[in-house]
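Below, each chain spelled out in residue letters.
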Amino acid sequence: MRFVLTDQNLGQWAADYIVEKINRFAPTADKKFVLGLPTGGTVVDMYAGLCAAYEQRKVSFKQVVTFNMDEYVSLPKTHPESYYAYMHRNLFDHIDIDPSNVHILNGNAPHLEQECEKYERAIAFNGGIELFLGGVGRNGHLAFNEPGTPFSSRTHRVALTKSTIEANARFFENDLSKVPTEALTVGIGTVTDAREVLILVKGEKKAAAMRRLVEEPPTVDCPITALRNHPNATILVDEGACKELSAATQEKLRVLRERAPEQKSWTLEI
């Protein structure tokens, strides 16, 4: 696992990384690049960077297939806070992606368990996910997989915890009664099956989760720690997210920065 501290905007760093990955892969109609995508405030800048790269003709999404991490249950997709609306507003309406290559869980499907099974089949049909992007919750949750979720879990229906509902209330006029209480989400196993994973972590509120990821063994009590077992995972963090790391880890990061002060990012292998 690579732990990357950057002084750059996390979203722009990630956008540049994705563009480089797509272009190096050189996708074609017979060999599409499959991308797993998150939502949320942390990645808004990432999507802005991807839109800018497309506008500047640095990348094309014509041969890119996407699978989103999650979607609320029973929230109309036309609702501005649905993840369907979020993705179209922030990315899909501004790039050259084929709509048939966009996959977002349908939280209004008549049979939600079947919808989850169909999603897993679609991922497999497309050859698996090449690069899965994501974030992390304050308690270490990955997608909507809360503490206690098995690392082998697949796409499933989940009841949102009180803390997650409270965290999402800011998107619903800070009115808890308007926040959906259930969601469909990819499983931890769905994410870790990807050939590469990139997680963006911003701010001191996520520092406790980063301490557990870096300093402690993997445990289902902190879902993000599943990535310790992944052969190709990168955790991209800012200064705030490092606040609770041990003195030894802090010292390693300090040495890296002092050795190469001209760099904007520093990588620590965990």
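Below you will find a few notes about this structure.

Where burial is concerned, most of strand β1 (residues 2-6) is hidden: four out of the five residues are buried. Sheet topology note: the β1/strand β10 (residues 233-237) ladder contains four bridges and is parallel. Within β10, the residue paired with Val 4 across the bridge is Leu 236. Bridging between β1 and strand β11 (residues 265-269) involves five bridges; their strand directions are antiparallel. Each residue of the ladder has a partner; that of Phe 3, found in β11, is Leu 268.

Another point: the layout of surface pockets. There is about 890 Å³ of room inside the largest pocket. Lining the largest pocket we find 38 residues, and of these Val 136, His 141, Asn 168, Arg 170 and Lys 206 sit closest to its centre. Elements represented by at least two residues in the lining of the largest pocket include exactly β4 (70-72), α3 (83-90) and α5 (162-168). Residues belonging to the lining of the largest pocket are distributed by class as follows: 15 nonpolar, 13 polar and 10 charged. Its volume calculated, the second largest pocket comes out at about 220 Å³. Around the second largest pocket, the lining is made up of 14 residues, and of these Lys 77, Tyr 84, Ile 104, Leu 105 and Asn 106 lie nearest the centre. Only β4 and α3 provide two or more residues apiece to the lining of the second largest pocket. Of the residues assigned to the lining of the second largest pocket, the class counts are eight nonpolar, four polar and two charged.

As a further point, take the nonpolar core. Judged by nonpolar contacts, the single largest core of 44 residues is most densely connected at Phe 3, Met 210, Ile 235 and Val 237. With five residues, helix α4 (residues 112-125) is the single largest residue contributor to this core. Excluding its chain neighbours within four sequence positions, the residues that come into contact with Ile 235 are Met 1, Arg 2, Phe 3, Val 4, Ile 199, Val 201, Met 210, Leu 213 and Leu 227. If you look at the next biggest cluster of nonpolar residues, it comprises 35 residues, including Ala 14, Phe 33, Val 102 and Leu 131.

Cut-off values and rules
- Throughout this document, residue positions are counted from 1 along each chain, in the order its sequence is written.
- Thresholds applied to this predicted model are a pLDDT of at least 70 for local features of residues and 80 or more for the giving and counting of side-chain atom pairs; totals over whole chains, interfaces and linings are not thresholded and use all residues.
- Excluded from the side-chain calculation are hydrogens and water; included are all heavy atoms of the structure.
- Summary of the burial criterion: residues with accessible area below 20% of their type's maximum are buried, those above 50% are exposed, and those between are partly exposed, where the area comes from a 1.4 Å probe applied to protein chains only.
- Only DSSP runs of H or I reaching four residues or more are called helices, and only runs of E reaching two or more are called strands; each is numbered from the N terminus.
- Strand pairing requires that DSSP identify at least two bridges connecting the strands.
- Whether a set of points on the 1 Å grid over the protein atoms alone is a cavity depends on a 1.4 Å probe fitting there but being unable to get out, while an open set qualifies as a pocket with protein on both sides within 12 Å along at least five of seven lines; lining residues are those with an atom within 4 Å of a point.
- Grid points are joined across faces, edges and corners, and a volume is the space filled by probe spheres set on the points.
- Under the grouping applied here, Gly and all other residues not named as nonpolar or charged are polar, the nonpolar ones being Ala, Val, Leu, Ile, Met, Phe, Trp, Tyr, Cys and Pro and the charged ones Asp, Glu, Lys and Arg.
- Among buried residues, those of type Ala, Val, Leu, Ile, Met, Phe, Trp, Tyr and Cys that are joined through side-chain atoms within 4.5 Å constitute a nonpolar core.
- Contacts were defined at the residue level, with two residues in contact if any of their heavy atoms lie within 4.5 Å.

In short, the description is geometric, and any link to function would need to be established separately.
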